[in-house]
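# Summary of structural features
The primary structure of each chain is shown beneath.
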Amino acid sequence: MHLKRSDSLLEDLSDAPALASSDTAERLTTAAFRFLPDAVYLFGDDRCLLETNGAAALLHGVDSPKGTACCEMFWRVEGADGCVVDRALEADEKVEVEIQTGPDGQNSISIIVQPVHGSGMQPAAVVIARDISDLRRAEAEAIAHKSFLASIADRTPDEIYALDADGSITWMNERAQAYKLVVVGGGSFVDIVASDCQEPTQENLRRTLAGDDTEYEVRINRPDGSVRYAEAHTSPLWKDGEIDGVLVFLRDVTDRKREHELMAQSDKLRAVGELAAGVAHNLNNSLTVIQGRAQLLLRNATDEVSSKSLQVITNAVEDGTKTLRRILEFARRDSASEFSPVELNYLITSSLDIARPKWQSKSRTGQIEVKIEGNGMVYVMGEQAELREVMLNLIFNAVDAMPEGGVMEVGTRAEIESGCFWVADTGCGMPPETASRIFEPFFTTKGKLGSGLGLSASHGIITRHKGEILVVSEPGEGTRFEVRLPICDKNDRFVKNANSPADAVAEANV
């Protein structure tokens with residue numbers, strides 16, 4: 001309520017010879033008391049109401065009758081021995097409280113009680129009451145709005161950093177605080193950026209401080225030593241109409257980049273398959289003609305030397321045909337085939353028998369010790385020839401990684417929903433950047449000795465079997481490949497299968 005002065009008061013003041021006179025001062029004090037914007041209550045020594053102003057009547061709707069005891073006023077708290085006036089007079093000191101009033105207790109009233117020493121009917125206490133409901137509601141709205149903004153900032157998938165003009169971090173959201181082991185508040189934002197990205201990052205911060213928004217890709221160092229890719233967006237941070245700092249938003253796009261790389265790898269494999277299919281088809285036509293002519297000449301041969309030569313040609317053509325058939329099979333990996341139970345222990349022992357000449361060659365300078373670990377039969381669903389190809393690839397790579405000898409460990413185990421086989425070596429190992437690319441087509445560390453298709457083809461086979469192939473490697477410590485495949489249901493193991501170990505052994509003995 002605004003302070004107002006009555007016409008009579010103005011007339012009295014204009015007629016007064018001096019404002020300092022006691023009569024004028026008393027009337028001015030009385031008028032000020034009546035028109036104060038805060039509700040004022042005067043209590044006597046007996047703690048009964050002596051006088052109120054106009055704001056007091058507006059505060060709770062009615063005039064409080066004179067003589068009302070202080071404890072009967074609206075500020076009394078139920079269950080208390082006395083009211084705030086009693087407390088102030090008994091302690092002889094000012095008391096400030098805030099109470100809730102109104103129908104639903106939603107109105108906030110600030111009350112100040114100041115003891116006044118007097119005698120007789122002079123006021124013993126002055127109570128000033130102010131309705132601060134609007135203030136409290138505004139504060140509650142501000143807190144709710146701040147909490148809402150904080151919730152958005154902390155739940156966003158982006159990391160958010162506030163930087164000062166020097167590039168030091170002054171604030172970060174919860175997602176960014178997860179990496180506080182690398183940088184804490186007050187540290188430089190550039191410290192979490194990979195070294196080769198620091199210069200463009202500083203340039204973009206300078207542009208943002210000049211008023212421009214920027215977007216760029218950056219590599220970020222993580223507490224575990226890994227490097228992640230992120231899209232960075234910077235915006236000026238304004239204060240009082242001037243740019244006071246920079247807001248940086250980082251969105252991790254590492255998984256997205258990996259998906260793109262896998263798609264590119266798939267496209268490469270598809271291109272290789274199409275090329276292989278075309279070449280194999282054309283060569284197969286030529287070999288068919290050669291084989292037909294060679295067989296015809298062999299049938300009509302009259303001397304032993306010609307017969308042997310033609311037989312060699314025929315055998316070579318048959319080997320070439322088998323090679324082309326395998327190329328076509330590689331090109332048609334996506335074609336559906338019926339899987340059957342495959343016993344992993346037989347798979348690794350038969351693969352070792354095939355690959356044994358690889359490390360027993362006299363040309364090798366070091367000996368390789370082979371350790372086999374197995375805990376009973378482990379059956380998975382798959383195509384035995386393809387899984388053997390994977391096993392042979394892993395064995396050959398292990399042997400190549402140990403040119404001076406070492407230990408190669410192979411084994412199998414059964415898990416709850418999968419069967420696992422692995423090949424580990426004590427060879428040269430691989431750095432993380434190499435290990436992340438080994439399944440890419442045409443990527444090889446063997447130079448001219450490698451094609452870069454072995455592990456890529458193995459990855460495709462395991463993927464088609466709905467399994468996974470994992471690699472763990474440390475430079476100088478060796479490499480371990482693990483393959484997990486869907487385990488075979490017990491009832492399926494007794495279905496007769498032409499590719500079963502028993503049948504394969506029988507075929508080998510024929």
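One can find the structure itself at the top, above this paragraph.
First, a word on scope: everything that follows refers to the structure included in this document. Treat the numbers as computed from the prediction; the structure is a model and nothing was measured. (Residues numbered from 1 in each chain as written. Predicted model: local features only at pLDDT ≥ 70, side-chain atom pairs only at ≥ 80, totals over all residues. Heavy atoms only, no water.)

### Comments concerning a nonpolar patch on the surface
Keep this limit in mind: Without a salt bridge and with relative accessible area above 30%, a residue can belong to a patch; like charges are then joined within 9 Å and nonpolar side chains (Val, Leu, Ile, Met, Phe, Trp, Tyr) within 5 Å. Only the protein chains shown count as cover for residues, and the accessible areas themselves come from Shrake-Rupley with a 1.4 Å probe. Between Lys or Arg on one side and Asp or Glu on the other, a salt bridge is scored when a side-chain nitrogen of the former is within 4 Å of a carboxyl oxygen of the latter. What counts as a helix is a DSSP run of H or I of at least four residues, what counts as a strand is a run of E of at least two, and both are numbered from the N terminus.
A cluster of nonpolar side chains, namely Phe148, Leu149 and Ile152, defines an oily patch on the protein surface of about 300 Å² accessible area. Considering the arrangement of structural elements, one finds Ile152 in helix H5 (residues 133-155).

### Section: the pattern of salt bridges
The following threshold applies: Remark: exposure states derive from per-residue accessible area (1.4 Å probe, protein chains only) relative to the maximum for the residue type, with buried under 20%, exposed over 50%, and partly exposed in between.
Counted under the stated rule, the structure contains 23 salt bridges. For Arg47, the salt bridge identified is with Asp86, shortest N-O distance 2.7 Å. Placement of Arg47 in the loop between strand E1 (39-43) and strand E2 (49-52) and of Asp86 in helix H4 (residues 84-91) is noted, with a sequence separation of 39 residues between them. The exposure class assigned to Arg47 is partly exposed, which follows from its relative accessible area of 25%. With a shortest N-O distance of 2.8 Å, Arg219 and Asp196 are connected by a salt bridge. Taken together, the residues span a long stretch of sequence, with Arg219 in strand E8 (residues 214-221) and Asp196 in the loop between helix H6 (174-177) and helix H7 (198-209) at a distance of 23 residues. By relative accessible area, Arg219 is classed as partly exposed at 23%. In the salt-bridge network here, residues are joined through shared partners; they are Glu409, Arg413, Glu415, Glu468, Arg480, Glu482 and Arg484.

### With respect to the pairing of strand E3 (residues 95-101)
Here is the rule: Should DSSP find at least two bridges between two strands, the strands are regarded as paired.
Of the two faces of E3, the one holding Val95, Val97, Ile99 and Thr101 is buried and the one holding Glu96, Glu98 and Gln100 is not buried anywhere. Strand direction decides the pairing type here: E3 and strand E4 (residues 107-115), joined by 7 bridges, are antiparallel. Opposite Gln100, over in E4, you have Ser108 as the bridge partner. Counting the residues in the hairpin turn of E3 and E4 gives 5 residues, including Gly102, whose phi is positive at 95 degrees.

### Let's talk about the packing of helix H11 (residues 384-400) against helix H13 (residues 454-464)
Selection criterion: Between N-to-C directions, angles span 0 to 180 degrees; the directions come from axes that are lines fitted to C-alpha atoms, helices contributing only their stretch in contact. Take the far helix as your reference; a near helix turned counterclockwise from it by less than a right angle gives a left-handed crossing, and one turned clockwise gives a right-handed crossing. Whether two residues touch is decided by their heavy atoms; if any such pair falls within 4.5 Å, the residues are in contact. Charged residues are taken to be Asp, Glu, Lys and Arg, nonpolar residues to be Ala, Val, Leu, Ile, Met, Phe, Trp, Tyr, Cys and Pro, and polar residues to be all remaining types, Gly included.
It is the contact of H11 with H13, at a shortest axis distance of 9 Å, that shows an interaxial angle of 145 degrees. In this structure, H11 crosses over H13, and the sense of that crossing is left-handed. For the pair H11 and H13, contact is made by Glu386, Leu387, Glu389, Val390, Asn393, Leu394 and Asn397 and by Gly454, Leu455, Ala457, Ser458, Ile461, Ile462 and Arg464, respectively. Of the residues in the contact of H11 with H13, the class split is 7 nonpolar, 4 polar and 3 charged.

### A few points about the sheet that holds E1
Taken together, 5 strands build an open sheet; the order of strands is E2-E1-E5-E4-E3 and the sheet is antiparallel. The sheet is open, and its two borders are formed by E2 and E3, each paired with just one other strand. Neighbour-to-neighbour, the strand axes of this sheet turn through a mean angle of 25 degrees, independent of strand direction. Packed on one face of the sheet, H4 meets E1, E3, E4 and strand E5 (125-131) and runs near 25 degrees to E4. H5 contacts E3, E4 and E5 of the sheet and is inclined by roughly 125 degrees relative to E4.

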